[in-house]
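# An overview of the molecular structure
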Amino acid sequence: MSYFQEIYQSDLRHRARAVYMYLKDLSDRDGRCWPAIRTIAKELGLSRSTVKRALDDLCQAGLLVKETRRRENGGRTSNLYRLLPSDLQSRR
């Protein structure tokens, strides 16, 4: 079974599936990426609130770790997202 087929057949909400696949497409070989929530929302045609809820869904499902990044002056910048290996078949 292909990796995305596991995501499609999971219990994840549609919003979480879309955001997960978006992040997977952007991530490096270590599963890391750092798009802004505004960028994710714009490219997926979702509201920023929906993207935030989807990210929370993914964190709760154990598929994503979100780390807040800071600039040298202490200001916030985009989050670092790290996708975790999926074992969705065993979660059913």
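Numbering of residues starts from 1 in every chain and runs along the sequence as written. With the structure being a predicted model, the display of local features is reserved for residues of pLDDT at least 70 and the display and counting of side-chain atom pairs for 80 or more, all residues being used for whole-chain, interface and lining totals. Water and hydrogen atoms play no part in the side-chain values, which are based on all heavy atoms of the structure.

## Here we look at the environment of Arg15
Keep this limit in mind: Each helix is a run of H or I in the DSSP string that is no shorter than four residues. Each strand is a run of E no shorter than two, and both are numbered from the N terminus. Under the scheme applied here, a residue whose accessible area is under 20% of the maximum for its type counts as buried, over 50% as exposed, and between as partly exposed, the area being computed with a 1.4 Å probe on protein chains only. Two residues qualify as a contact provided that any one of their heavy atoms is within 4.5 Å of a heavy atom in the partner residue. Think of a polar contact as two N or O atoms within 3.5 Å of one another; within protein, one of them needs to be a possible hydrogen donor and the other a possible acceptor, and neighboring residues in sequence only count if both atoms come from side chains.
In this structure, Arg15 sits in helix 2 (residues 14-26). Overall, Arg15 belongs to the buried group, its relative accessible area being 19%. Between the alpha carbons of Arg15 and Leu58 there is a distance of 9.8 Å; along the sequence they are 43 residues apart. Filtering out sequence-adjacent residues up to four positions away, Arg15 remains in contact with Thr50, Arg53, Ala54 and Asp57. Within the local environment of Arg15, its side chain forms a polar contact with the side chain of Asp57, the two groups lying 2.9 Å apart.

## What to know about the pattern of salt bridges
Quick reminder of the rule: A pairing counts as a salt bridge when a side-chain nitrogen of Lys or Arg comes within 4 Å of a carboxyl oxygen of Asp or Glu.
Counted by the stated rule, this structure contains four salt bridges. One salt bridge in this structure joins Asp57 and Arg15, with 2.9 Å as the shortest N-O distance. Taken as a pair, Asp57 in helix 4 (residues 48-60) and Arg15 in helix 2 lie far apart in primary sequence, 42 residues in all. Accessibility expressed as a relative area gives 16% for Asp57, which makes it buried. Residue Lys66 is joined to Asp56 by a salt bridge in which the shortest nitrogen-to-oxygen separation is 3.9 Å. Note that Lys66 is positioned in strand 2 (residues 64-67) and Asp56 in helix 4, a separation of 10 residues in sequence.

## As for helix 4
Because each turn of an α-helix spans 3.6 residues, side chains separated by three or four positions in sequence point in the same direction. What counts is decided by this rule: Multiplying 1.5 Å by the residue count of a helix minus one yields the expected span of that helix. Here the arc refers to the set of directions running from the helix axis out to each C-beta atom.
An ideal rise of 1.5 Å per residue puts 18 Å on 13 residues; helix 4 measures up with 18 Å between its terminal C-alpha atoms. Those residues of helix 4 lying buried are Thr50, Val51, Ala54, Leu55, Asp57 and Leu58. Buried residues of helix 4 fall within an arc of 155° about the axis and therefore sit on the same side. Among the residues trailing helix 4, Gly62 stands out with phi positive, at a value near 80°.

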